[in-house]
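Summary of the model geometry
Listed below are the residues making up each chain.
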Amino acid sequence: DFTLKPPALRPRLPGVMLKPLPADRWSYATAAHLLNRAGFGGPPAEIEALVKLGPQGAVARLVDFEDIEAPWPRLAWAQPDPGRAEKLKQYRDAPEPERRELRQAGQRLERERTQELVLDWLDRMARTPRPLQEKLTLFWHGHFATSIQKVRDPWLMGRQLELFRAHAAGHWPDLLVAVTRDPAMLLWLDQALSRREHPNENYAREVLELFALGEGHYTEPDVLGTARALTGLAYDRVAQEPLWRPRQHDAGPKTVLGRTARFDPDGVIRHIATRPQSARFLAQRLWGFFAADEAPPGLVDALAAEFERGGRDLRPMLGKLLLAEEFYAAEVVGTQVKSPVVWLVMAVRQLGRDLPRLPATAAALRELGQALLAPPNVKGWEGGITWINTATLTARQRFASVLVLGREGRPAPAAGDQPARRQKSGPPPPVDVTGLFTEEQRRDPDMLLPALQRRFLTGPLRSGLRAELQAALRDRPDDDAVLEAVRIVVTSTDYQLT
């Protein structure tokens, strides 16, 4: 049975909120926790490098990611389509049978490119030297929850991801303005349809409730005032760019969150983003994503105050959060259920293997409950314990076996001395355990068990898991037994937590 019952949070006095973790408490375990939460975990060598930096240096290494060069090749098709106008005309002028063929071809291309974009992003998460930037990109993707199922354009979805990367830890009002003008968002929440005579309230409502303030911190007149202020902001379907139509803008005075002014789109969004409640809302969301669902009393207000002191830049608040003693508390470490994406990327990094380039990889994420580029609704993924049920846990265990062995099940008997080879169109090869553990560790179970725990698990080996590993290794001092031990750990319920 999979249960998650973290210890109750101990009350802390507001005066001691966000106190930096002392250097004498910095260790391999705390460095691993930092890399797990502010990135996607990693092999022991990466964790040891953070240990040597000390807590402040390690946090700075992750948070100041823009100092690190991280070139990444752009997908060949990831650019505006210069022939889009002609294609749209061809479609309009074509008879219905030809239209159907063009529509089906376009849908096939959309599916292929969406899968390619998902796999490219997963690969980037696994290989980037800027793990916090990609972790924040994943956070913003869930926060702004835009779906390819309505946008229907992989280029626009990839462009939105680039927007999240560019603003990942930057100025919050700038990010919210950029998202408001983002073509994918204009399509997703119907802002492109809004007109002065008929202001569409979809985006206005979500920016107040889901993106910036939270439920209960706005009124219906605030929604209408925001919707009126956003009129005139449209989308050019040929150029694939945001478009400003001043004749469609309601230039009259609007009252939003206690202020009356002739708000335009940028003005009303910056007004919303600079409300004190927006700081508290973001602090709560970021604590929930990086640390725990519940925050100690006073911590959210302390983070919000840091956010305001930092000029509403996200980076100073993130630095305080990741360095704070509360972030390393027993109530936080090892109590977060890995999302399917984090689980997959962390697994390939800890296993020292490439992401399997299988068409089934994107489908596997859907089965696990987190289809990238297709969140379930405007609220995004609920997360936490909802990631785990009988079906998704079984799917994780099955896919984990594929990651370790190249197939489901247990290691096959050795066939001579020939190593397994990956066929061009076949499954991935088994993990090379010689790259994970020394020969001495692989031959001595008493050395291998702590090495397995150090590489794959947040906490100590439970007695039941230890007994299962000891049984697998008993009287089998060979690499097949080590591979089976790796499979047991990575398919265990313990491995679902970080």
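Refer to the structure printed above.
Let me begin by describing the structure that accompanies this report. (Residues numbered from 1 in each chain as written. Predicted model: local features only at pLDDT ≥ 70, side-chain atom pairs only at ≥ 80, totals over all residues. Heavy atoms only, no water.)

Glancing now at the overall build of the chain. Along the backbone of the chain there are 22 helices and four strands. Relative to a compact globule of 498 residues, whose C-alpha radius of gyration would be 23 Å, the chain shows 25 Å and is just as compact. Based on the C-alpha atoms only, the size of the chain along its principal axes is roughly 80 × 70 × 40 Å. Taking all 498 residues of the chain together, the buried fraction comes to 53%. A separation of at least 24 residues holds for 73% of the contacts in the chain among residues at least 6 apart in sequence. In the structure as shown, the chain presents an accessible area of about 22,800 Å², 50% of it carried by carbon and sulfur atoms. (Helix = DSSP H or I, 4+ residues; strand = E, 2+ residues; numbered from the N terminus. Rg over C-alpha atoms; globule rule 2.2 N^0.38 Å. Buried < 20%, exposed > 50% of the residue type's maximum accessible area, 1.4 Å probe, protein only. Contact = heavy atoms within 4.5 Å. Areas by Shrake-Rupley, 256 points an atom, 1.4 Å probe, with all protein chains shown as cover.)

To continue, consider the pattern of salt bridges. Summed over the entire model, instances satisfying the criterion amount to 29 salt bridges. The salt bridge involving D64 is made with R315; its shortest N-O contact spans 4.0 Å. Remark: R315 occurs in helix α15 (residues 314-323) and D64 occurs in the loop between α2 (44-63) and α3 (84-93); sequence separation between them is 251 residues. Among the residues examined, D64 registers a relative accessible area of 34% and is labelled partly exposed. When the shortest N-O distance is used, the salt bridge between R165 and E162 registers 2.8 Å. Taken together, the residues span about one helical turn, with R165 and E162 both in helix α7 (residues 154-166) at a distance of three residues. Residue classification places R165 among the buried positions, given a relative accessible area of 6%. (Salt bridge = Lys/Arg side-chain N within 4 Å of Asp/Glu carboxyl O.)

Our focus in this paragraph is the environment of V256. By the secondary structure assignment, V256 is in strand β3 (residues 254-256). Judged by relative accessible area, V256 falls into the buried class, the value being 0%. Here the alpha-carbon distance between V256 and L224, two residues 32 residues apart in the chain, equals 8.5 Å. Among all residues touching V256, those that are not within four sequence positions of it are D222, G225, T226, F263, V268 and H271.

Right, let's get into unusual backbone geometry. For residues other than glycine, phi is negative in most cases, and the peptide bonds are mostly trans. One non-glycine residue, R152, lies in positive phi territory at about 60 degrees. Structurally, the position occupied by R152 is in the loop between α6 (148-151) and α7. Among the residues examined, R152 registers a relative accessible area of 41% and is labelled partly exposed.

Here T146 shows up in the loop between α5 (131-144) and α6. Polar contacts involving the side chain of T146 include one to the side chain of Q160, which spans 3.1 Å. Dropping the residues within four chain positions of it, T146 is found in contact with H141, V151, M157, Q160, A184, M185, W188, L373 and P375. (Polar contact = N/O pair within 3.5 Å; in protein donor to acceptor, adjacent residues only side chain to side chain.)

Right, let's talk about the packing of helix α20 (residues 445-456) against helix α22 (residues 479-490) for a bit. At their nearest, the axes of α20 and α22 sit 11 Å apart, and the two run at 45 degrees to each other. Taken together, α20 and α22 sit at an angle that is classed as oblique. The handedness of the crossing between α20 and α22 is right-handed. Contact residues: α20 offers L448, L452 and F456, while α22 offers V482, A485, V486, V489 and V490. Counted by class, the contact of α20 with α22 contains eight nonpolar, no polar and no charged residues. (Axes fitted to C-alpha atoms, helices over the stretch in contact; angles between N-to-C directions. Parallel < 35°, antiparallel > 145°, perpendicular 65-115°, else oblique. Left-handed = near helix turned anticlockwise from the far one by under 90°. Nonpolar A, V, L, I, M, F, W, Y, C, P; charged D, E, K, R; others polar.)

As judged from the four bridges shared by strand β1 (residues 233-236) and strand β2 (residues 241-244), these two strands associate in the antiparallel manner. When the sheet's bridge partners are listed, A234 is paired in β2 with L243. The turn linking β1 back onto β2 is made up of four residues, and Q240 within it adopts a positive phi angle of 60 degrees. (Pairing = 2+ DSSP bridges.)

What follows is about the packing of aromatic side chains. In total, this model carries 12 aromatic pairs according to the counting rule given. Judged by centre distance (4.8 Å) and plane angle (65 degrees), the ring pair of F139 and W140 falls under edge-to-face. Exposure remark for W140: the relative accessible area of 0% places this residue in the buried category. Here F456 and Y495 contribute two aromatic rings whose centre-to-centre distance is 6.4 Å and whose plane-to-plane angle is 70 degrees, an arrangement assigned as edge-to-face. You can see F456 sitting in helix α20 and its partner Y495 sitting in the segment after α22, a full 39 residues away along the chain. (Phe/Tyr/Trp six-rings, centres within 6.5 Å; stacked < 30°, edge-to-face > 60°.)

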